[in-house]
Amino acid sequence: MALTVEIKDAKGAKVGTVDLPAEIFDVQANVPLIHQVVTAQLNAARQGTHKAKTRGEVSGGGKKPFKQKGTGRARQGSTRSPNQRHGGVAQGPVPRKYDERTPKKMISLALRSALSDRALEGKVVVVDKFGFDKPSTKDASLLLNSLGVDGKVMVVVDRDDEVAGTVACARLPVADVIFFFRRHLRKIEIGDLHFCNF
């Protein structure tokens, strides 16, 4: 069953309706799958450049700190042992990749699940056009207010959409502008509302 949403202008007035495709906006939400894909995207964004020096990489420690016998202390062979001050780190982090292989069908289903969830909650707004002559953050903020939008917003735009409106919305701290051909599930999950410009 296709969902019907209103098309609004820059002032928040209704100018028409549009049917959202059921194969995208009317899917049973799979929350565990969404979590898995979002976690994989977050992990893939990690740099993985963490590094701790082992006892063999720490500078110094070539001399035995004290003789083997006769001091009453536990025997030590190096001042850079992990149990010593200024010593190396035992089993510390090393540079690595956190990428996970996520099948395309899983990503697609998770994306459709997230979009369907937002659509069923009435958090999809379709805007006819921005109507900005020049990039204005103030006008973009007024636009969101006139549409009754609050909280985090994801603005989905096309390649051919107005540059002024896209730039103005991108300057807002609560708005996240993405192009429709760049799908990122985490932004959809974080954003409280989809603000689509057709």
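Each residue is numbered by its place in its chain's sequence as written, counting from 1. Since the coordinates come from a predicted model, pLDDT governs what is reported: local features require at least 70, and pairs of side-chain atoms require 80 or more to be given and counted, while whole-chain, interface and lining totals use all residues. Side-chain metrics in this entry use all non-hydrogen atoms of the structure; hydrogen atoms and water are not considered.

Peer 1: Is there a simple way to explain the nonpolar core in this structure?
Peer 2: Proteins that are soluble and globular tend to have nonpolar side chains buried together. Of all hydrophobic cores here, the largest spans 18 residues; its most connected members are Phe130, Phe132, Ala140, Leu147, Val155 and Cys169. Only DSSP runs of H or I reaching four residues or more are called helices, and only runs of E reaching two or more are called strands; each is numbered from the N terminus. Those elements giving two or more residues to this core turn out to be strand 3 (124–127), helix 4 (137–146), strand 4 (153–157), helix 5 (163–170) and strand 5 (175–179). Buried Ala, Val, Leu, Ile, Met, Phe, Trp, Tyr and Cys residues form a nonpolar core when they are joined through side-chain atoms within 4.5 Å. Relative accessibility decides the category of a residue: with a 1.4 Å probe and only protein chains considered, values under 20% of the type maximum give buried, values over 50% give exposed, and everything between is partly exposed.

Peer 1: Teacher, can you tell me more about helix 2 (residues 31–44) here?
Peer 2: Owing to its 3.6 residues per turn, the α-helix aligns residues three or four sequence positions apart on the same side. To estimate the expected span of a helix, subtract one from its residue number and multiply by 1.5 Å. The end-to-end C-alpha distance of helix 2 is 20 Å, a good match for the 20 Å that 14 residues give at a rise of 1.5 Å each. Buried residues of helix 2: Leu33, Ile34, Val37, Val38, Ala40, Gln41 and Asn43, and no others.

Peer 1: Is there a simple way to think about unusual backbone geometry in this case?
Peer 2: Of all residues except glycine, most have a negative phi; of all peptide bonds, most are trans. Even without a glycine there, the phi angle at His86 is positive, about 65°. Structurally, the position occupied by His86 is in the loop between helix 2 and helix 3 (104–120). With a phi close to 55°, Gln91 is a non-glycine residue in the positive phi region. Looking at where Gln91 falls in the secondary structure, it is placed in the loop between helix 2 and helix 3.

Peer 1: Quick question: what am I supposed to make of the environment of Asp19 here?
Peer 2: As for its position among the elements, Asp19 is in strand 2 (residues 14–20). What makes Asp19 exposed here is its relative accessible area of 52%. Along the chain, Asp19 and Val5 lie 14 residues apart, while their C-alpha atoms are 6.5 Å from each other. A 3.5 Å cut-off defines polar contacts: any pair of N or O atoms within that distance qualifies, except that in protein one atom must be a possible hydrogen donor and the other a possible acceptor, and neighbouring residues in sequence count only when both atoms are side-chain atoms. Separated by 2.7 Å, the side chains of Asp19 and Thr4 make a polar contact.

Peer 1: I would appreciate a short explanation of the pattern of salt bridges in the present structure.
Peer 2: Throughout this description, the term salt bridge denotes a Lys or Arg side-chain nitrogen within 4 Å of a carboxyl oxygen of Asp or Glu. Inspection of the entire model under this criterion finds three salt bridges. Where Lys51 meets Glu57, a salt bridge forms, and the shortest distance between an N and an O atom there is 2.8 Å. In this structure Lys51 comes out as partly exposed when scored by relative accessible area, which is 44%. Note on Glu57: relative accessible area 41%, which makes it partly exposed. For Asp117, the salt bridge identified is with Arg118, shortest N-O distance 3.0 Å.

Peer 1: Would you mind going over the packing of helix 2 against helix 3 with me for this structure?
Peer 2: Think of two packed helices as two axes; the pair is described by the angle between the axes and how far apart they sit. To obtain each axis, a line is fitted to C-alpha atoms, and for helices this fit is confined to the stretch in contact; angles are then taken between N-to-C directions over 0 to 180 degrees. Running from amino to carboxyl end, helix 2 crosses helix 3 at an angle of 115°, the nearest separation of the two axes being 9 Å. Relative to helix 3, the crossing made by helix 2 is left-handed. Of the residues in helix 3, those touching helix 2 at Leu33, Ile34, Gln36 and Val37 are Met106, Ile107, Leu109, Ala110, Ser113 and Ala114. Each residue gets one of three labels, nonpolar for Ala, Val, Leu, Ile, Met, Phe, Trp, Tyr, Cys and Pro, charged for Asp, Glu, Lys and Arg, and polar for the others, Gly among them. Split into classes, the residues belonging to the contact of helix 2 with helix 3 amount to eight nonpolar, two polar and no charged. With the far helix as reference, a near helix turned anticlockwise by less than a right angle produces a left-handed crossing, and one turned clockwise produces a right-handed crossing. Contacts between residues were defined by any pair of non-hydrogen atoms, one from each residue, lying within 4.5 Å.

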